[in-house]
Amino acid sequence: MPTFAGPDRIAVGDVRVTFLADGGGVTDPHVAWPDSTPEAWDHHRRHLDENGKFVTSVGGFLVETGDRKVVVDTGIGDMRVDFPGVGYFEGGRFLDSLATTGVAPEEVTDVVYTHLHLDHCGWTTTEGSLTFPNARHLVAAGEWDHWHGGDDPAGPDPVRVQQALEGNLDHVSDGETIAPGVDVVFTPGHTPGHLSLVVSSGVSRLLILGDAMHCAVQMSEPQWNIAFDMDPDMARATRARLLQELERPDTLGAACHFASGLTFGRVLVGEGTRYWGIN
Ligand SMILES: [Zn+2]
């Protein structure tokens, strides 16, 4: 039965990658996945909880490479958010998860946002101050431009995130190396400026997917978009491209929204379909 993912860790060559669990969400699968059908969910029942609800984890990652400590997304924050008719999301554990790594917030050198949905930028500030005061904060220009100045409840909070980042933000480009072995790859569709990260060391690679995928069910149902995908066709095209990358035997995946035990995995192909294999 799926539950919220807890802290998890993986080594990619000399790079250590830790999932920073914050909390999770519980939603109606038929609303969250508008491309799905009740018959299909009967087939994928193991991805739903005992009440037939879709369970999603919320959190970010810490990438430790050389002397750099890179936080990828900052969870939703110490709060619960209800979306009537859809479900709820809640957080609160992000800094406790970071503490298990032995890394203090002041030691974080970089914060990079895959995108600016509220569950990816919530811990940008703590009690009015930047949570990671010595870090540079990075996001794609197209993502910042899309949300900046707005107050969409699904986006970055106007004060706690947008105002806090003004003057404290750098933009990153497709293909840019932001730390040793950590490269940006633009993966638009979920949001206009969505990005993923390629972590590589030695012969190993890890794709930190961001919200290009939300559930292991998308291995066998790659055409399913989540309701939050802003450009459905582009989201499907990006996901197809990433699935091809993930079929490479040297490539692992990291998925912040997958349920407990599935955060890190690899794509396996068999019997005409794909599987998310636990690493
Ligand atoms: Zn998102």
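So, here's what we can say about the structure. These numbers come from a predicted model, not from an experiment.

When you go through the protein chain residue by residue, the secondary structure sums to six helices and 18 strands. Based on the C-alpha atoms only, the size of the protein chain along its principal axes is roughly 50 × 45 × 35 Å. For the protein chain, the proportion of contacts with a sequence separation of at least 24, taken over those separated by at least 6, is 69%.

We now examine helix α6 (residues 232-246). Taking 1.5 Å per residue as the helical rise, α6 with its 15 residues ought to reach 21 Å, and the 21 Å between its terminal C-alpha atoms agrees with that figure. Among the residues making up α6, those that are buried are A235, T238, R239, L242 and L246. On an axial view of α6, the arc spanned by its buried residues comes to 100°, and they lie on one face. Of the exposed residues in α6, the ones pointing more than 90 degrees away from its buried face are D233, A240 and Q244. Along its buried surface, α6 packs onto β15 (204-208), β16 (251-254) and β17 (264-270).

Here we take up the pairing of strand β5 (residues 80-83). Sheet topology note: the β5/strand β6 (residues 87-90) ladder contains four bridges and is antiparallel. Residue pairing across strands places D82 opposite Y88, the latter belonging to β6. What sits between the antiparallel neighbours β5 and β6 is a turn of three residues, in which G85 has the positive phi angle 85°.

Counting 71 residues, the largest nonpolar core has F61, V63, V199, I208 and A254 as its most contacted members. In terms of residue count, strand β3 (residues 54-65) provides more of this core than any other element does, six residues in total. If sequence neighbours within four positions are ignored, V63 has contacts with V15, V17, V70, V72, V182 and V199.

This brings us to the environment of A259. Turning to its location among the elements, A259 is positioned in the loop between β16 and β17. When the C-alpha positions of A259 and P192 are compared, they lie 25 Å apart, and in sequence the two are 67 residues distant. Those residues in contact with A259, other than ones at most four positions away along the chain, are P2, T3, A5, V55 and S57.

The bulk of non-glycine residues show a negative phi, and the bulk of peptide bonds are trans. A positive phi angle, close to 70°, is found at D73, a residue other than glycine. Following the sequence through the fold, D73 ends up in the loop between β4 (68-72) and β5. In this structure D73 comes out as buried when scored by C-beta crowding, with 28 C-beta atoms within 10 Å. A positive phi angle, close to 50°, is found at E127, a residue other than glycine. Along the chain, E127 turns up in the loop between β8 (125-126) and β9 (129-130). You can call E127 exposed: it has 7 C-beta atoms within 10 Å.

Attention now goes to the sheet that holds strand β18 (residues 273-278). The strand order β12-β13-β14-β15-β16-β17-β18 describes an open sheet built from seven strands, whose pairing is mixed. The open sheet has two edge strands, β12 (177-179) and β18, and neither has a second partner. Across the sheet, the axes of successive neighbouring strands diverge by a mean angle of 35°, strand direction being ignored.

Attention shifts here to the environment of C256. Here C256 lies in the loop between β16 and β17. Here the alpha-carbon distance between C256 and S57, two residues 199 residues apart in the chain, equals 6.5 Å. Excluding residues within four positions of it along the chain, C256 makes contact with S57, G59, G60 and D73.

Rules and cut-offs
Residues numbered from 1 in each chain as written. Predicted model: local features only at pLDDT ≥ 70, side-chain atom pairs only at ≥ 80, totals over all residues. Helix = DSSP H or I, 4+ residues; strand = E, 2+ residues; numbered from the N terminus. Contact = placed C-beta atoms within 7 Å. Expected span 1.5 Å × (residues − 1). Buried ≥ 20, exposed ≤ 12 C-beta atoms within 10 Å, placed from the backbone. Arc of directions from axis to C-beta. Pairing = 2+ DSSP bridges. Core = buried A, V, L, I, M, F, W, Y, C linked by C-beta atoms within 7 Å. Axes fitted to C-alpha atoms, helices over the stretch in contact; angles between N-to-C directions.

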